[in-house]
Amino acid sequence: MTYLPKPKLAHPELQKNDLGFTRRDYEGSISTLCAGCGHDSISAAIIRACYELSLPPHRIAKLSGIGCSSKTPTYFLGNSHGFNSVHGRMPSVLTGANLANRELIYLGVSGDGDSASIGFGQFSHSIRRGVNMTYIVENNGVYGLTKGQFSATADRGAKNKRGVENMDEAIDMVGIAIQLGATYVARSFSGDKNQLVPLIKGALQHQGAAFIDTISPCVMFNNHDGSTKSYDYVREHNEAVNFMDVVTGRNEITVDYEPGTTEIVRQHNGGLLKLRKLANDYDVTDRVAAMNFLETRKARGEIVTGLLYVDPEADDLHGFLETSDKPFNSMSDEELIPGSAALEKLNASLR
Amino acid sequence: MSPQDAALPMAGSTVPPIQAVNDFVVKFANVNGSGSASANQLFAKAILRMGIPVTPRNIFPSNIQGLPTWYEMRISDKGHMGAREGVDLMVAMNPQTWDEDVKSILPGGYLFYDNTKPLPPSKFRPDITVVGMPLTSFTNAAYSVPRERQLFKNIIYVGALSALINIDPKVIEDLLSEQFKGRDKLIAANHKALHMGRDYALQNLPCPLGLQLATSDKVGDRIFIDGNAAAALGAVYGGATVCAWYPITPSSSLAEAFTRYCERFRKDKETGKKRYAIVQAEDELASIGMVIGAAWNGARAFTATSGPGISLMSEFIGLSYFAEIPAVIFDVQRSGPSTGMPTRTQQSDIKICAYASHGDTKHPLLLPEDPNECFQFGALSMDLADRLQTTIFVVLDLEIGMNERLTAPLKWDDTRKLDRGKVMTAEELQAGKVFGRYLDVDGDAIPYRTYPGTHPSKGGYFTRGTSRDEYARYTEAGDAYQRNMERLLKKWDTAKGLMPKAIRTDAAAPTKLGVIYYGSTSPAIAEALDLIAEQTGASLNQLRLRAFPFGPEVEAFVEEHDTIYVVEQNRDAQMRMLLINELECNPKKLIRVLHYNGAPITAEFIARGITAHLNPVREAAE
Ligand SMILES: Cc1ncc(C[n+]2csc(CCOP(=O)(O)OP(=O)(O)O)c2C)c(N)n1
Ligand code: SF4
Ligand SMILES: [Mg+2]
């Protein structure tokens, strides 16, 4: 398979965002995934989110591991630098990249195998450290690229295509992320664009570790009866706790809401999240309650989606490390080298 | 045993006591965690301040408290810094290792010990001089707090030894005053303990011993620093801003030293903001991942590790090679394989560093011989990584990394600019310069890269470990893959011209005999060649390797000599393997001289190895 350039047809009627970019400017090359793969819908949602937020595409760095899901960064943001690293290790590469230049937006894309199986450690530790990033797991419960083996998010009792049952307990990445201190946590479904796009937008605006577990059916290996990650199963069991809208500068004034049913959360950098509550009394800023809610609903067989937790005042790794505001990668020799005089002094102290 | 009869040249001794000035080995046998390390270091530093070169070595177990440790000091006015066999003065403070310690003393040597509890005569040797001092009872009589007893006991024995072998007490006092600067009470207490020990010795022990120190002028302006600290300082001067690491002996002190130096040199005086980030990662996979991520994004980054870490990092090292992302790894080698002897030295990661990762890969290595070179190569590695866009290994070992060593003062040329390699800027892209991430435009096989976020519409590309064409576009086309692999080989040739040259020292008369060595073997070589010349009359040309890939000077040396001894500290002659593999020379002429028991290599060992081989060679030639 070789590179497929996408024909760039300028549609005069294509709308432009605040930066003068059209949706097209956020696209990548044509996907080589299976037709109907959930991952492609997530790519489309990422494109829409970036376009709607008017993000300069070249200021986004997209990083991934290995898998069908990890291939997707080729299919969006064609002008951005991308890094398809090694299996399960995207989080460390993203962490390093983020340390080098705190001014870019970091988008990590991974699979459930990539992040819950081989890369479970790196996933956990990047969350713990509060790396400023949007971390999306395209969760299909299987290893798509190696042809359908169960991953660590496959539910106990779920059946593979040949009818073999998964005996191991599933890792609930959302629960883990909340527990490990992610400061923006959501779950969504690749089949629900209206829910997913705003969640990605909110994550991109979030300062800190933002994690989105997106259930993304693998039509090739995990979309049959007996699967708990199929389109049908997820649609049937999806219970959204809220519906979110990201309010950007332009339409901020038009926000209207009925008190009690809608909650407004202002994030650190000024972005507003408008949440229409679907589950009574669900408070997205209450971490302990969120964990409790998730466990209770999971026991009932529900797949809870929506914005599950947010700490609008979060800080990030740079804040914890007290690094300088200026990106490391643009520091001059003078800022980095202590010079010969300092060395002479040091020599003198070592005699 | 009373103090008076503690000083015994043992009855019936046939060997006269060793007489030496500024040329002997003192070894302290201690218990790990007993606070002896700083006392021993004080002792070494005092000798240095007297202008006498001394080379200490820590021999320690993989343990925190309780197991035996040794601190061995080679004192040599001639400046020999390699380890030497045999001990002239054993300071035996550890009953656990008594037998072994007594055995290691040279005939005619000296034993200093704590005779608070009497030992039967069978515990001694007739051919050594035994000096007993009731250290414990003496200290306990003077101090009642247990912690003080432990600390001052150490200073008391330093005081006693200063009288026995003639260390200027003023020098020790000054060192203690510097060490506890601003804490006057502590200084006074230490000075007091020092003189208690000293006075006791002067009154009760056979001062002076046959081993004596005399003020000298052989230290010069050299400094005393360990290789790990010097390497870390090199990283600071080389502009490293990101350090990601996972603790492992013997490399941890490198990352710790980097932290210390950064606190001092890279913290904004007003805001306290840091021009560096240090992350203690969850494992070595994450360490190297962070390094690669940071370097991909234009920061200079490194990790410090040892053999087991290299094994874990291998997959990422291959990515760095193939996707051409800079990275620096300091590998402070220890004895492998597996956990091996984690606190003993070896040069056994040469092969894995040179060829780490699956597929066809090779990586440049820098091989420092001492702390000064650790500093130089630490800084240089950052430039080379950016220039060559690949992983650069700085290969130290425990012997250089964790021991303080006399070394030339560190120098920095303020006109030196960091070489950030081929990075295309927004202006160049804007001006229409062609950008192909893997395109060889300059003929040196090094392509240009861009930092993420450089330009709104030009210079973006996708980095991947899968194959791609010159414009970074994914492809599985065999010819594009092969072109790329061949360019990487050509880049390897470019690297040969950028690495530090091997250093050749020729014998006075022409010879077809040569010796090749590298790293911590260095200080033992000159001494070994003297021994060989004494014993056989033969002299050899020497070549000290400083880097891999080998430059033409290495090829020429191998070409010009008929027999070359390759001296290494591993079992499998790993550097010899590289020489054979890369130079395609005749393996028969490369003779292995291998030392790998975990102790540092000695001149005597090298001389024995070479002489044993040399004699038949010379006989055959005659
Ligand atoms: C070290 C290593 N082991 C195994 C593989 C093979 N491999 C490639 S992708 C993959 C699983 C991917 O699963 P997931 O992350 O869920 O992605 P999906 O394809 O399902 O989107 C595996 C095991 C690899 N690339 N590297
Ligand atoms: S195998 Fe599954 S995950 Fe991979 S592209 Fe096809 S549908 Fe998507
Ligand atoms: Mg998967």
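Residues numbered from 1 in each chain as written. Chains lettered and ligands numbered in written order. Predicted model: local features only at pLDDT ≥ 70, side-chain atom pairs only at ≥ 80, totals over all residues. Heavy atoms only, no water.

Considering the overall build of chain A
Part 1: Of regular secondary structure, chain A possesses 12 helices and 13 strands.
Part 2: In terms of overall dimensions, chain A is globule-like: its C-alpha atoms have a radius of gyration of 21 Å, near the 20 Å expected for 351 residues.
Part 3: Summarising its shape, the C-alpha atoms of chain A cover approximately 75 × 50 × 50 Å along the three principal directions.
Part 4: A buried classification covers 57% of the 351 residues belonging to chain A.
Part 5: The long-range share in chain A, meaning contacts at least 24 apart out of those at least 6 apart in sequence, stands at 70%.
Part 6: Accessible surface, chain A as shown: approximately 14100 Å² in total, 50% of it carbon and sulfur.
Part 7: For chain A, the distance from the average site of its 35 positive side-chain charges to the average site of its 41 negative ones is 5 Å. (Helix = DSSP H or I, 4+ residues; strand = E, 2+ residues; numbered from the N terminus. Rg over C-alpha atoms; globule rule 2.2 N^0.38 Å. Buried < 20%, exposed > 50% of the residue type's maximum accessible area, 1.4 Å probe, protein only. Contact = heavy atoms within 4.5 Å. Areas by Shrake-Rupley, 256 points an atom, 1.4 Å probe, with all protein chains shown as cover. Lys, Arg positive; Asp, Glu negative; His and termini not counted. Charge placed at Lys NZ, Arg CZ, Asp CG, Glu CD.)

Observations concerning the coordination of the magnesium ion (ligand 3)
For a metal with four donors in a tetrahedral arrangement, the ideal angle between donors is 109.5 degrees, while six donors in an octahedron ideally sit at 90 or 180 degrees.
Part 1: Note on the magnesium ion (ligand 3): its protein donors are Asp-112 of chain A (OD), Asn-140 of chain A (OD1) and Val-142 of chain A (O). The metal-donor distances range over 2.1 Å.
Part 2: Of note, the donors binding the magnesium ion (ligand 3) are all from one chain and are spaced D-x27-N-x1-V. (Donors = N, O, S within 2.8 Å, 3.2 Å for Na, K, Ca; no water.)

Points about the packing of helix H3 (residues 90-100) of chain A against helix H9 (residues 284-296) of chain B
Part 1: Where H3 of chain A meets H9 of chain B, the axes come as close as 6 Å, and the angle between the chain directions of the two elements is 45°. Considering the angle they form, H3 of chain A stands oblique to H9 of chain B. In the crossing of H3 of chain A with H9 of chain B, the sense of the turn from one axis to the other is right-handed. Across from Ser-92, Val-93, Thr-95, Gly-96, Ala-97 and Ala-100 of chain A in H3 of chain A, the residues of H9 of chain B making contact are Leu-285, Ala-286, Gly-289, Met-290, Gly-293, Ala-294 and Trp-296 of chain B.
Part 2: Of the residues assigned to the contact of H3 of chain A with H9 of chain B, the class counts are 8 nonpolar, 5 polar and no charged. (Axes fitted to C-alpha atoms, helices over the stretch in contact; angles between N-to-C directions. Parallel < 35°, antiparallel > 145°, perpendicular 65-115°, else oblique. Left-handed = near helix turned anticlockwise from the far one by under 90°. Nonpolar A, V, L, I, M, F, W, Y, C, P; charged D, E, K, R; others polar.)

Thoughts on the site of ligand 1
Part 1: Taken together, 17 residues are adjacent to ligand 1, and Cys-68, Ser-69, Gly-113, Asp-114 and Gly-144 of chain A come closest.
Part 2: Residue neighbours of ligand 1 fall on chains A and B, so the site bridges chains.
Part 3: His-39 of chain A places a side-chain nitrogen or oxygen 2.8 Å from an oxygen atom of ligand 1.
Part 4: For ligand 1, an oxygen atom lies 2.8 Å from a polar atom in the backbone of Gly-144 of chain A.
Part 5: Computed on the free molecule, ligand 1 has an accessible area of 590 Å², of which 77% lies beneath the protein chains in the complex.
Part 6: The set of elements that each furnish at least two residues to the shell around ligand 1 consists of helix H2 (68-71), helix H4 (112-117) and strand S5 (142-143) of chain A.
Part 7: Of the residues forming the shell around ligand 1, the biggest block, 3 residues, is contributed by H4 of chain A. (Near = heavy atom within 4 Å. Polar contact = N/O pair within 3.5 Å; in protein donor to acceptor, adjacent residues only side chain to side chain.)

Observations regarding the sheet that holds strand S12 (residues 272-277) of chain A
All names here are of chain A.
Part 1: On the basis of which strands lie adjacent, the open sheet formed by 3 strands has the order S10-S12-S11 and antiparallel pairing. If you trace the sheet from one side to the other, it starts and ends with strand S10 (242-247) and strand S11 (262-266), each paired once. Geometrically, the sheet is characterised by an average inter-axis angle of 20° between neighbouring strands, direction not taken into account.
Part 2: In the packing of helix H7 (residues 193-205) onto the sheet, the strands contacted are S10 and S12, and the crossing angle to S10 comes to about 50°. (Pairing = 2+ DSSP bridges.)

Observations concerning the packing of aromatic side chains
Residues and elements named next belong to chain B.
Part 1: Taken as a whole and judged by the stated rule, the model has 28 aromatic pairs over all chains.
Part 2: With 5.7 Å between their ring centres and 90° between their planes, Trp-98 and Phe-124 make a pair best called edge-to-face. Residue Trp-98 is found in helix H2 (residues 98-103), and its partner Phe-124 is found in the loop between strand S7 (105-114) and strand S8 (129-133); the two are separated by 26 residues along the sequence.
Part 3: For Trp-98, a relative accessible area of 7% puts it in the buried group.
Part 4: Judged by its relative accessible area of 10%, Phe-124 falls in the buried class.
Part 5: Ring geometry for Tyr-143 and Phe-152: centres 4.7 Å apart, planes at 20°, overall stacked.
Part 6: A relative accessible area of 7% means that Phe-152 is categorised as buried. (Phe/Tyr/Trp six-rings, centres within 6.5 Å; stacked < 30°, edge-to-face > 60°.)

A look at the domain arrangement of chain B
Interface size is commonly expressed as the accessible surface area that is lost when the partners come together.
Residues and elements named next belong to chain B.
Part 1: Each assigned domain of chain B is listed with its residue range as follows: domain 1 (3-212), domain 2 (225-407), domain 3 (422-499) and domain 4 (503-621).
Part 2: One C-alpha centre belongs to domain 2, the other to domain 3; they are set 25 Å apart.
Part 3: In this complex, domain 2 contributes 23 residues to the contact, which on the side of domain 3 involves 26 residues.
Part 4: When domain 2 packs against domain 3, close to 2200 Å² is buried across both sides, 60% of that on carbon and sulfur atoms.
Part 5: The largest contributions to the domain 2 side of the interface with domain 3 come from Trp-296, Phe-322 and Glu-324, which together make up 31% of the buried area.
Part 6: Counting across the domain 2 and domain 3 interface gives 3 salt bridges.
Part 7: Here Asp-386 makes a salt bridge to Arg-449, at a shortest N to O gap of 3.4 Å. (Domains from an automatic or database assignment. Buried area = accessible area lost by both parts, 1.4 Å probe. Salt bridge = Lys/Arg side-chain N within 4 Å of Asp/Glu carboxyl O.)

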